[in-house]
Amino acid sequence: MSKTALEMPAQGRVFYRSLVARRQLILAALFVTLCLSVCVDLALGPARFGLDEVVAALVSPGSVSDQLRVIVWDIRMPVALMAVVVGASLSIAGAQMQTILSNPLASPFTLGISAGAGFGAALALAFGVAIVPGSVAYMVPINAFLVAMLTAFAIHLLSLKRGVTIETIVLLGIAMVFIFNSLMALIQFFASQQALSAVVFWTMGSLTKATWPKLWITLTVLAVSIPLLARHGWALTAMRLGDAKAESMGVNPRRLRLEVLIIVSLLASISVAFVGTIGFIGLVGPHIARMLLGEDQRFFLPGSALCGALILSVGSILSKMLIPGTVIPIGIITSLVGIPFFLFLVLNQRKSAW
Amino acid sequence: MVSLAFDGVGARYAKRAVLDDIHTPTFFGGQIVALLGPNAAGKSTLFRRVLGLVNGEGEVRLEGATAERPIAYMPQETRVDAVLTVYESVLLARMQGRRLKVSAADLEAVDRAIDELGIQALTARDIGDLSGGQRQLVSAAQALVQSPDVLLLDEPTSALDLHRQIALLSVLRRLATERGMLIVVALHDLGHALRFTDQAMVLADGTLKACGPTQAVVTPELLRDIYRVEGRIERCSRGQPLLVVDGAL
């Protein structure tokens, strides 16, 4: 095609390489910030340590006092890392739901997965109902996980009906949220005073329930999910161009949507099952990643994970700092501090994304 | 050489038949085939049938293809809001089904497609910020970058200004001749069809009404029967066929 004087020479490659370099730099910066945040998180608590002490305890646990080592490694480390893993899991889940449903409001919450988990947990907390018998220690997370997966499965089954569009799937999710919210209210109505407070505390979301075994389970799911999603990196990016365009490029949108829905349901439900409902990470994390890195999944996926992890890690710090001596449930912090920050970002961005 | 033929091809969405019993002679690489017909004739469905995106009777016979994914398809344009630059969106089309790592050859292919369509100035723009015509050129680049044997384009010129319409069709002409691509292009402008295409298929109500060399197919009778307009074909001073429409019937 003819070239006009206004057009640039064929420098696309040069532009693209600099774009990639900039994004790698942003990812590296996010990672470094996350590491710092985790160190600060480890230093804070009823017994305060200096960052140098924390780093010493991390690098050579043998050289520090027993008290410091136990507090850093056995008490605070699972909580600090749980913040990272859960933040990354919820953010990835939100990012991929937004991708496959082409909806900026999609997240584990809007699809009712979190609400389902909450209902499952409440069944166990209020009435001691275990869906899988014999698992008393893990009754709450197992209930939460099963109901969350059932919710995802129900949404999927309904979405297989002919004529169901992605808008309908989002509507189905919202219907699920309302159903579970009413069921939850019903449980709370009948629950004893003591059970009621347990249910309410659980729904606030708290990292203090984190232990090493729970951390390992959550981390395993995250570590398996990331390569499964990354494998579809190009196809997932293409989904954002619409089904017709994705199909024209050889993607099978329905199958990809199903596979991704299963993976993200797993990610979201396992997180919610262990730490309760922590809001807005799944919504805010991906949006920030999108603003910083665009939607090429090779950057958007790790970016979403890092943003989510960073938000929750900072949230964990704030939950200890706001009222000295009290750890505010982190679910409250993420909504209270995260949302104004998010609005600030959205309203100040130069270009519109969605 | 790549070849494509339709043998009793039908297509259906659920129970509703959209295409019925399409038979054509064999089209060969190097040719441009115009897919003509009024709105809702089944043109897009025919493309989707070729790609295997809809089911139906009969057989679409593709032979002699060498590319890994032999058919590239440019669907009708829709607005998108993804946060991707034009360069990324073209690269994306090339990388489908490949590894995550982008090679120098991939970048070269993207640059070539972008060059071919003259959209170098758009490389760094977000696709959400483009005009309809610009999106159409990017979409064409997304199809080209796949280096296919067969290129299917669904109304690729509908949002372009006159200069870019002619330029795009000239690029297609050159690709067919130089690279031996077989190009099937849905067009509403019969004048463009006469000037730029070798063969024409005319669809109406899901059936094939005419098929053959474009100049033999696009006639006053076709204009009257299929398009319901009064018209004639003249020769312009350079000897090229010229469509003159006198009015709607």
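Peer 1: Run through the overall build of chain A, naming residues and quoting values.
Peer 2: In terms of regular secondary structure, chain A is built from 14 helices and 0 strands. Reading the secondary structure of chain A in the N-to-C direction produces α-α-α-α-α-α-α-α-α-α-α-α-α-α. Radius of gyration (C-alpha) of chain A: 22 Å, near the 20 Å computed for a compact globule of 354 residues. Dimensions along the principal axes, computed over C-alpha positions, put chain A at roughly 75 × 55 × 35 Å.

Peer 1: Lay out the overall build of chain B with the relevant residues and their values.
Peer 2: A count of helical and extended segments in chain B gives 8 helices and 13 strands. Its C-alpha atoms put chain B at 55 × 45 × 35 Å along the principal axes. Counting across all 249 residues of chain B, residues that qualify as buried make up 45%.

Peer 1: Which residues make up unusual backbone geometry, and what values go with them?
Peer 2: Residues and elements named next belong to chain B. Positive phi, normally seen in glycine, also occurs at D21, with a value near 50°. Within the secondary structure layout, D21 lies in strand β3 (residues 16-22). In this structure D21 comes out as partly exposed when scored by C-beta crowding, with 16 C-beta atoms within 10 Å. For A40, which is not glycine, the phi dihedral falls at a positive 60°. Mapped onto the fold, A40 is located in the loop between β5 (32-36) and α1 (43-50).

Peer 1: Before we move on, can you summarise the sheet that holds strand β6 (residues 59-63) of chain B with the specific residues and values?
Peer 2: Residues and elements named next belong to chain B. The strand order across the open sheet formed by 3 strands is β4-β1-β6, and the pairing between neighbours is antiparallel. Of all the strands in the sheet, just β4 (27-28) and β6 have a single pairing partner and so form its edges. Where strand β1 (residues 3-7) and β6 come together, 5 bridges link them in antiparallel fashion. Bridging from a neighbouring strand, D7 pairs with E59 of β6.

Peer 1: Could you give an account of the sheet that holds strand β8 (residues 150-154) of chain B, naming the residues involved and the relevant values?
Peer 2: Two strands in a sheet stick together by hydrogen bonds in their backbones, pointing the same way (parallel) or opposite ways (antiparallel). Residue and element names in this part refer to chain B. Here we have 6 strands laid out as an open sheet, ordered β7-β8-β9-β5-β10-β11, and mixed in their pairing. Edge positions in the sheet fall to β7 (71-74) and β11 (207-213), since each of these pairs with one other strand and no more. Here the strands of the sheet are splayed against their neighbours by 15° on average, with no regard to which way each runs. Bridge count between strand β10 (residues 199-204) and β11: 6 bridges; the pairing is antiparallel. The residue of β11 that forms the bridge with Q199 is P213. In the packing of helix α4 (residues 132-144) onto the sheet, contacts are made with β7 and β8, and the angle to β7 comes to roughly 170°.

Peer 1: An account of the nonpolar core is requested, with residue identities and associated values reported.
Peer 2: With 179 residues, the main nonpolar core has A:A148, B:V90 and B:A141 as its most contacted residues. Apart from residues lying up to four places away in sequence, B:A141 is in contact with B:V90, B:A113, B:I114, B:L117 and B:I119.

Peer 1: Can you explain the pairing of β3(B)? Please cite residues and give values.
Peer 2: Residue and element names in this part refer to chain B. Of the pairings in the sheet, the one linking strand β2 (residues 9-13) to β3 comprises 4 bridges and is antiparallel in character. Bridged to V9 within β3 is I22. Between β2 and β3, which pair antiparallel and follow one another directly, the connecting turn spans 2 residues, one of which, A14, has a positive phi of 55°.

Peer 1: Quick one: what's the story with the confidence of the model for chain B, residue by residue and with numbers?
Peer 2: Per-residue confidence for chain B averages 93 on the pLDDT scale, and 100% of its residues sit at or above 70. Here the prediction assigns the complex a pTM of 0.90, and the interface score ipTM is 0.90.

Peer 1: Please provide a residue-by-residue account of the interface of chain B and chain A, values included.
Peer 2: Counting residues at the interface gives 36 residues for chain B and 37 residues for chain A. Only β7, α2 (86-95), α3 (104-116) and α5 (162-179) of chain B provide two or more residues apiece to the side of chain B that touches chain A. Classifying every residue of the side of chain B that touches chain A by side-chain character gives 22 nonpolar, 7 polar and 7 charged.

Peer 1: Give me the environment of A:L51: which residues, what numbers.
Peer 2: Residue and element names in this part refer to chain A. Checked against the element boundaries, L51 lands in helix α2 (residues 51-59). The exposure class of L51 is exposed, given the 12 C-beta atoms found within 10 Å. Taking C-alpha positions, L51 is 6.7 Å from V40, a pair spaced 11 residues apart along the chain. Contacts of L51, omitting those with residues within four sequence positions, involve C39 and A43.

Peer 1: Lay out the pairing of β7(B) in plain terms, naming residues and giving numbers.
Peer 2: Along any regular strand, the residues point their side chains to alternate faces of the sheet. Residue and element names in this part refer to chain B. What you see with β7 is no split at all: I71 and Y73 on one side and A72 and M74 on the other are buried throughout. Relative to β8, β7 runs parallel, the two being bridged by 4 bridges. Its bridge partner being in β8, M74 is matched across the sheet by L153.

Peer 1: Can you lay out helix α14 (residues 330-348) of chain A for me, pointing to particular residues and giving the numbers?
Peer 2: Residues and elements named next belong to chain A. Taking 1.5 Å of rise per residue, the 19 residues of α14 would be expected to cover 27 Å, and the 26 Å separating its terminal C-alpha atoms lies within 8% of that figure. The sharpest bend along α14 measures roughly 30° and falls at G338, with the proline P340 sitting one to four residues further on. For α14, every residue scored as buried is listed here: I330, G331, I333, T334 and G338. Of the surrounding elements, those touching the buried residues of α14 are α7 (193-204), α12 (281-293) and α13 (297-321).

Peer 1: An account of the environment of B:Q120 is needed here, citing residue identities and associated values.
Peer 2: Along the chain, B:Q120 turns up in the loop between α3 and α4. Sequence-wise, B:Q120 and B:V86 are 34 residues apart; in three dimensions their C-alpha atoms are separated by 9.5 Å.

Peer 1: Explain the packing of α12(A) against α13(A) to me, using residue names and the numbers behind them.
Peer 2: All names here are of chain A. Remark: α12 packs on α13, axes separated minimally by 8 Å, with the N-to-C direction vectors making an angle of 130°. Taken together, the axes of α12 and α13 lie oblique to each other. In this structure, α12 meets α13 at a crossing whose hand is right-handed. Across from I281, V284, G285, P286, I288, A289, R290, L292 and L293 in α12, the residues of α13 making contact are F299, F300, G303, S304, C307, G308, I311 and L312. By residue class, the composition of the contact of α12 with α13 is 12 nonpolar, 4 polar and 1 charged.

The rules behind these values
- Residues numbered from 1 in each chain as written.
- Chains lettered and ligands numbered in written order.
- Predicted model: local features only at pLDDT ≥ 70, side-chain atom pairs only at ≥ 80, totals over all residues.
- Helix = DSSP H or I, 4+ residues; strand = E, 2+ residues; numbered from the N terminus.
- Rg over C-alpha atoms; globule rule 2.2 N^0.38 Å.
- Buried ≥ 20, exposed ≤ 12 C-beta atoms within 10 Å, placed from the backbone.
- Pairing = 2+ DSSP bridges.
- Axes fitted to C-alpha atoms, helices over the stretch in contact; angles between N-to-C directions.
- Contact = placed C-beta atoms within 7 Å.
- Core = buried A, V, L, I, M, F, W, Y, C linked by C-beta atoms within 7 Å.
- pLDDT = per-residue confidence, 0-100.
- Nonpolar A, V, L, I, M, F, W, Y, C, P; charged D, E, K, R; others polar.
- Expected span 1.5 Å × (residues − 1).
- Bend = angle between axes of the 7 residues up to and from the residue.
- Parallel < 35°, antiparallel > 145°, perpendicular 65-115°, else oblique.
- Left-handed = near helix turned anticlockwise from the far one by under 90°.

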